[in-house]
Amino acid sequence: MYLHYFKSKTNNFGDALNPWFWEDVVGLNFDDNKEEVLVGIGTLLNDQNPFLKPNAAQIVHVVGTGAGYGSSIPPVRNNWRVHCVRGPLTANAIGVDEKLASSDPVIYLNRFIKQSSTKKYKFSFMPHYSTMSNDLREAVESVGVKYISPLLSAEEVIKQVNESENIICEAMHGAILAEALRVPWYPVSTSSDILSFKWRDFCYSLDLEYDPQILPRLWGVQPLNIVQKGKRALKLKAFEYNLSKLMRSKRFILSKQSKLDEMNNKLEGFFSELKK
């Protein structure tokens, strides 16, 4: 069986998790035989996925995958084996029963990784890989927040999230990992390109709402004149002010352990089914 996931040039954490998660955590084995394909962690149910084209002949296993991106979302086809999907919005989008909404597979790390009792960071911030910039890192660190790059290795991201008391995240898998490790979190958005559908899909799977704090986009482009320098300074101050305000708030969220356990029980059953 072949493992399909989004292979970004930047080694983005949420995508790069796939081989380690499916092989070491779930216990599956993969090869280059594409007659049977596992569509894994990520927002991969769209018309851009080569294995979901109308003429695709492979047996395609969908396990915890989310719908979104591309120009359309394909309906379930005869060669698909939908074990479970990320959330109820994906289930409705591809036309399967909402009972197959199991949340994102990464929450299963709750049963695989011990939660750290030693916390090094009061607050940590994990951006979306597409919005990273030097200005963003500078603004985050200026208010005493740990900056977690989504381009770090999976091991290092897990370690830093586990050592945090609270996570502020634009990267959705930062929030999902925080859920697994029982670290309170809150979503932010600095760009209209952030796909709210996938966030709501995940949040609804755990009976949570998606209501992100909007922060200014910090591009990291060096200003060329005094006007641009002034605008950059104002945006940095606005970002720092709103981030500090969020840190002082009581808005950080975490699903109920009973709900997380319910979804992990479902995932465990789907994983066992896949390994038969």
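Keep in mind the model is a prediction, meaning the values are calculated, not measured.

### Focus: the environment of Ile176
Thinking step 1. By the element assignment, Ile176 lies in helix α5 (residues 172-180).
Thinking step 2. Sequence-wise, Ile176 and Phe202 are 26 residues apart; in three dimensions their C-alpha atoms are separated by 8.3 Å.
Thinking step 3. When near neighbours in sequence (up to four residues on either side) are disregarded, Ile176 contacts Asp104, Val106, Ile107 and Phe202.

### Quick word on the sheet that holds strand β9 (residues 185-189)
Thinking step 1. Spatially, five strands are ordered β7-β6-β8-β9-β10 in an open sheet, and the strand pairing comes out parallel. Each edge of the sheet is formed by a strand with only one pairing partner; in this case those strands are β7 (146-147) and β10 (213-214).
Thinking step 2. The sheet contact formed by strand β6 (residues 124-126) and strand β8 (residues 167-169) spans three bridges and is parallel. Along β8, the bridge assignment pairs Ser124 with Ile167.
Thinking step 3. Sitting on the sheet, helix α7 (residues 226-248) is in contact with β6, β8, β9 and β10, with an inclination near 135° to β8.

### Quick look at the environment of Trp185
Thinking step 1. Summarising the element assignment, Trp185 is placed in strand β9.
Thinking step 2. Once the C-alpha coordinates of Trp185 and Glu273 are considered, the two residues, 88 residues apart in sequence, prove to be 32 Å apart.
Thinking step 3. Apart from residues lying up to four places away in sequence, Trp185 is in contact with Ile167, Cys169, Ala175, Ala178, Glu179, Trp199, Phe202, Cys203, Leu208, Phe252, Ile253 and Leu254.
Thinking step 4. There is a polar contact of 2.9 Å between the side chain of Trp185 and the side chain of Glu179.

### Remarks on the nonpolar core
Thinking step 1. Grouped together as the largest cluster of nonpolar side chains are 50 residues, with contacts concentrated most on Phe21, Trp22, Leu38, Leu109, Trp185 and Trp199.
Thinking step 2. Among the elements of the structure, α1 (13-26), α4 (154-162), β8, α5, α6 (196-205) and α8 (257-275) are those that each provide at least two residues to this core.
Thinking step 3. Setting aside chain neighbours within four positions, we find Trp199 in contact with Cys169, Glu170, Ala171, Met172, Ala175, Trp185, Pro187, Ile194 and Tyr210.
Thinking step 4. Core analysis: the second largest hydrophobic core is formed by 18 residues, Val145, Tyr186, Leu218 and Leu243 among them.

### Here we look at α5
Thinking step 1. Of all nine residues that make up α5, nine are buried, and the element is covered over most of its length.
Thinking step 2. Residues Met172, His173, Gly174, Ala175, Ile176, Leu177, Ala178, Glu179 and Ala180 constitute the buried set of α5.
Thinking step 3. The positive-phi residue at the C-terminal boundary of α5 is Arg182, with phi of around 60°.

### Observations concerning the pattern of salt bridges
Thinking step 1. For the structure shown, the criterion picks out 11 salt bridges.
Thinking step 2. With a closest N to O distance of 2.7 Å, Arg232 and Asp135 form a salt bridge. Here Asp135 lies in helix α3 (residues 134-142) and Arg232 lies in helix α7, a separation of 97 residues in the sequence.
Thinking step 3. Assessed through its relative accessible area of 25%, Arg232 is described here as partly exposed.
Thinking step 4. Here the salt bridges do not stand alone but share partners, grouping Asp135, Glu138 and Arg232 into one network.

### Some words on the environment of Phe21
Thinking step 1. The topology assignment puts Phe21 in helix α1.
Thinking step 2. Classification of Phe21 by relative accessible area gives buried; the value is 0%.

### Some remarks on the packing of α1 against α4
Thinking step 1. One can describe the packing of α1 onto α4 by two numbers: an axis separation of 9 Å at closest approach and a directional angle of 115°. Between α1 and α4, the angle is such that the two are roughly perpendicular. The segment α1 lies against α4, with Phe13, Leu17 and Trp20 engaging Ala154, Val157 and Ile158.
Thinking step 2. Residue composition of the contact of α1 with α4, grouped by class: six nonpolar, no polar and no charged.

### Looking at the pairing of strand β5 (residues 80-85)
Thinking step 1. Across the six residues of β5, five count as buried, placing the element largely inside the fold.
Thinking step 2. The pairing of strand β4 (residues 59-67) with β5 spans five bridges and is classified as parallel. Paired with Val62 across the two strands is Val82, which belongs to β5.

### A short note on unusual backbone geometry
Thinking step 1. Even without being a glycine, Asn11 presents a positive backbone phi close to 60°.
Thinking step 2. Structurally, Asn11 can be placed in the loop between β1 (2-4) and α1.
Thinking step 3. Unlike most non-glycine residues, Arg182 shows phi in positive territory, near 60°.
Thinking step 4. Checked against the element boundaries, Arg182 lands in the loop between α5 and β9.

### A look at α3
Thinking step 1. Restricting attention to buried positions, one finds in α3 the residues Asp135, Leu136, Ala139 and Val140. Projected down its long axis, α3 carries its buried residues within an arc of 130°, all on one side.
Thinking step 2. Contact partners of the buried residues in α3: β6, β7 and α7.
Thinking step 3. Looking at the residues trailing α3, positive phi occurs at Gly144, about 80°.

Reading guide: rules and limits
Residues numbered from 1 in each chain as written. Predicted model: local features only at pLDDT ≥ 70, side-chain atom pairs only at ≥ 80, totals over all residues. Heavy atoms only, no water. Helix = DSSP H or I, 4+ residues; strand = E, 2+ residues; numbered from the N terminus. Contact = heavy atoms within 4.5 Å. Pairing = 2+ DSSP bridges. Axes fitted to C-alpha atoms, helices over the stretch in contact; angles between N-to-C directions. Polar contact = N/O pair within 3.5 Å; in protein donor to acceptor, adjacent residues only side chain to side chain. Core = buried A, V, L, I, M, F, W, Y, C linked by side-chain atoms within 4.5 Å. Buried < 20%, exposed > 50% of the residue type's maximum accessible area, 1.4 Å probe, protein only. Salt bridge = Lys/Arg side-chain N within 4 Å of Asp/Glu carboxyl O. Parallel < 35°, antiparallel > 145°, perpendicular 65-115°, else oblique. Nonpolar A, V, L, I, M, F, W, Y, C, P; charged D, E, K, R; others polar. Arc of directions from axis to C-beta.

Spatial relationships are all this shows, so hold off on functional conclusions.
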